[in-house]
Amino acid sequence: MDPQRVNALQSWLGRALSESSITIDDVRKLDGGAIQENWRVRCSVGGINADKRGFVLRRDAQTTIASSRTRAQEYAIIEAAHHAGVRVATPLAACDDPEVIGAPFFLMRWVDGVSLGPRIVKDTTLGGDRMQLGEQLGRELARIHGIRMPQASLSFLGEPDTDPVGSAIGNLRATLDRLGAARPALEWGLRWADVHAPPRSSPTLVHHDFRTGNYIVDEQGLAAILDWEFAGWGDPMSDLGWFCAECWRFGRPDLEAGGVAPRAAFYQGYEAESGSPVDDDAVRFWEMFAHLRWAVIALEQAERHLSGREPSLELALTGRIVPELELAVLKATEPGRWRRAP
Amino acid sequence: MRDEPSGPALLDIAHRTLMADIVPSLSGRQRYAALMVANAMRIAAREQQVAPRAGLAGEAILEFVAGETDSGNPVSALVQQIREGRFDSDAVLHGALRDDAVIAAGTWKPSVLSPAERIKAGLGPDLG
């Protein structure tokens, strides 16, 4: 970040945090964040014997994909989750003015730990007891699903979909059409989803990207749930399916709860916190659907590179994930698994 | 007459050099970037290796719409027919799609395939 913007950010921080003496010691962009950028901001607050404080600043990347919310909306969702007792990085302030650092952003308290999915799965010194971690993740997700309409601060989310599966299928088909991506294997999976949609659950707030890689753990256990930009009203079972999908187990397909714990521990935590049974059939449906959704997101990310707007090897490689996801879809929807199979 | 070493052979030695002489001295973001470069080189090499089988698998899929489209993209025509339910639970189309996906997924990451699938894709049973 250039010095002029750091100065503007420092002034804004003083006003937003009501601190008369605040100095930015360091601003550093964090790895990852293909859709949004995350920056670590280290500050000294107060004059002599200054208090050292760390923050995370989150702002739009150069280009964002169509399904992403604005930073102000994401901030409001995190505040609602915080009030509902969900473990999140404490939200502190948001800035809509693009003049300060070039794009809208918001600020949260820094949380120590690790969020990289493959590392969490492989390094069992992280996350504390893994059965407890699985159960805790189930509890956190149930707390998110405890947020129900109406919520004045979340009015921008609009009304929940009356046909969440049909809309999800329609959105993915529309995105494929917009990208000009003719992918028969994905279409096969979408058609299967069309025919096998589960009964609709009562709508709740849905995180929509609740998976290993989007939470922070430290040595003791779960520290914070991250990345709320896709959240909205929806079918709560879709979050459980996304979390359990094999594509998010990072090389540990045997640990069905995000590669970190058995499915039973995750379900147990969810049921204990929510007081409601998990609809396992619906979760399995959404697990298959997770591969479709991730495949379409991967195509969108690849398009950012292919269009020439944002040349990036990382985005280019993301596009090559798609056949692995298509193969998973085809294995889950073999002809014998069609309800209307002859 | 083709110049030697061939494109795939150049990619192979370039990949080996990158991994042996450069990656070990890197850390952090530079190491991550170098590993992505190495991965991209391996994908490009495998893509050439499986090209004949990938071509056949693609043709097998297009046979489902052969003669049905006067103009436009035949794959798009197939997509439309799948959406309309004309191929619901069709084992032959499913098999063709799966064969194609096995080759493409193995090109991306051979470890996602079983040894039998790797042979079918033309990649050999071992992880390269």
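All values derive from a computational prediction rather than experimental measurement.

## Focus on the interface of chain B and chain A
Frequently, the measure chosen for interface size is the accessible area removed from exposure when the parts meet.
Next, step 1: Listed per partner, the contact involves 35 residues of chain B and 29 residues of chain A.
Next, step 2: Between chain B and chain A, a total of about 2,700 Å² is buried, with carbon and sulfur atoms accounting for 66% of that surface.
Next, step 3: Sorting the residues of chain B by area buried against chain A places Arg83(B), Ser89(B) and Trp108(B) first, and these three jointly supply 26% of that buried surface.
Next, step 4: Summed over the shared surface of chain B and chain A, the result is seven salt bridges.
Next, step 5: Linking Glu47(B) and Arg320(A) is a salt bridge whose minimum nitrogen-to-oxygen distance equals 2.6 Å.
Next, step 6: Scanning the region where chain B abuts chain A turns up nine residue pairs in polar contact (both at pLDDT 80 or more).
Next, step 7: Mapped onto the side of chain B that touches chain A, the elements with two or more residues apiece are α2 (28-62), α3 (74-83) and α4 (91-108) of chain B.
Next, step 8: Of all the elements, α4(B) adds the most residues to the side of chain B that touches chain A, at eleven residues.

## Looking at the sheet that holds strand β5 (residues 105-109) of chain A
To summarise the sheet geometry, strands pair through backbone hydrogen bonds and adopt either a parallel or an antiparallel arrangement.
Residue and element names in this part refer to chain A.
Next, step 1: One open sheet holds the five strands; their spatial order is β1-β2-β3-β5-β4, and the pairing between them is antiparallel. Two strands lie at the open edges of the sheet, namely β1 (22-29) and β4 (91-95), each paired on one side alone. The average angle at which neighbouring strand axes cross in this sheet is 25 degrees, direction not considered.
Next, step 2: Across ten bridges, strand β2 (residues 36-45) lies against strand β3 (residues 51-60) in antiparallel orientation. What sits directly across from Ser44, in β3, is Lys52.
Next, step 3: Those strands touched by helix α1 (residues 3-16) are β1, β2, β3, β4 and β5, and its axis lies near 125 degrees from that of β1.

## Brief notes about helix α5 (residues 164-179) of chain A
Next, step 1: If you check α5(A), its first and last C-alpha atoms are 22 Å apart, about what 16 residues at 1.5 Å a residue would give, namely 22 Å.
Next, step 2: Residues of α5(A) that are buried include every one of Pro164(A), Val165(A), Ala168(A), Ile169(A), Leu172(A), Arg173(A), Thr175(A), Leu176(A) and Leu179(A), and no others.
Next, step 3: Where α5(A) is buried, its residues meet α6 (184-195) and α9 (280-306) of chain A together with α3 of chain B.
Next, step 4: Just beyond α5(A), the residue with positive phi is Gly180(A), at close to 70 degrees.

## Points about the domain arrangement of chain A
Residues and elements named next belong to chain A.
Next, step 1: By the assigned domains, chain A splits into domain 1 (3-109) and domain 2 (117-332).
Next, step 2: Between the C-alpha centres of domain 1 and domain 2 the distance comes to 26 Å.
Next, step 3: If you look at the interface, domain 1 gives 26 residues, while domain 2 gives 28 residues.
Next, step 4: Together, the buried faces of domain 1 and domain 2 total about 2,300 Å²; carbon and sulfur atoms form 60% of this surface.
Next, step 5: The tally of links from domain 1 across to domain 2 stands at three salt bridges.
Next, step 6: Linking domain 1 with domain 2 are eight residue pairs in polar contact (both at pLDDT 80 or more).
Next, step 7: Top contributing element to the side of domain 1 that touches domain 2 by residue count: helix α2 (residues 71-83), with eight residues.
Next, step 8: Along the lines of polarity and charge, the residues of the side of domain 1 that touches domain 2 split into 14 nonpolar, seven polar and five charged.

## Considering the packing of helix α7 (residues 236-244) of chain A against α9(A)
All names here are of chain A.
Next, step 1: In the contact formed by α7 and α9, the axes pass within 7 Å of each other and the chain directions differ by 65 degrees. The interaxial crossing formed by α7 with α9 has right-handed handedness. Each of Met237, Ser238, Leu240, Gly241, Trp242 and Cys244 in α7 lies in contact with α9, whose residues at this interface are Ala282, Val283, Trp286, Glu287, Ala290, Arg293 and Trp294.
Next, step 2: For the contact of α7 with α9, the per-class residue count stands at nine nonpolar, two polar and two charged.

Reading the values: the criteria
Every chain begins its residue count from 1, and numbering advances along the sequence as written. To label them, take the chains in the order written and letter them from A, then take the ligands in the order written and number them from 1. Whole-chain, interface and lining totals are the exception, using all residues; otherwise, since this is a predicted model, local features are given only for residues with pLDDT of at least 70 and side-chain atom pairs are given and counted only at 80 or more. In computing side-chain values, all of the structure's heavy atoms are included and hydrogens and water are not. By definition, residues are in contact when any of their heavy atoms lie within 4.5 Å. Here the buried area means the combined drop in accessible surface, using a 1.4 Å probe, for two parts upon being joined, counting both sides. We count a salt bridge whenever a side-chain nitrogen from Lys or Arg sits within 4 Å of a carboxyl oxygen from Asp or Glu. Under the rule applied, a polar contact is a pair of N or O atoms within 3.5 Å (in protein, one hydrogen donor and one hydrogen acceptor; residues adjacent in sequence only if both atoms are side-chain atoms). Each helix corresponds to a stretch of at least 4 residues labelled H or I by DSSP, and each strand to a stretch of at least 2 residues labelled E; elements are numbered beginning at the N terminus. Should DSSP find at least two bridges between two strands, the strands are taken to pair. Axes, fitted as lines to C-alpha atoms, cover a helix only where it is in contact. Angles between the N-to-C directions of the axes lie from 0 to 180 degrees. Take the number of residues in a helix, subtract one, and multiply by 1.5 Å to get its expected span. Relative accessibility decides the category of a residue: with a 1.4 Å probe and only protein chains considered, values under 20% of the type maximum give buried, values over 50% give exposed, and everything between is partly exposed. Here the bounds of each domain stem from an automatic or database domain assignment. Only Asp, Glu, Lys and Arg are considered charged in this grouping, and only Ala, Val, Leu, Ile, Met, Phe, Trp, Tyr, Cys and Pro are considered nonpolar; every other residue, Gly among them, is considered polar. Crossing handedness is read from the near helix: turned anticlockwise from the far helix by less than a right angle, it gives a left-handed crossing, and turned clockwise, a right-handed one.

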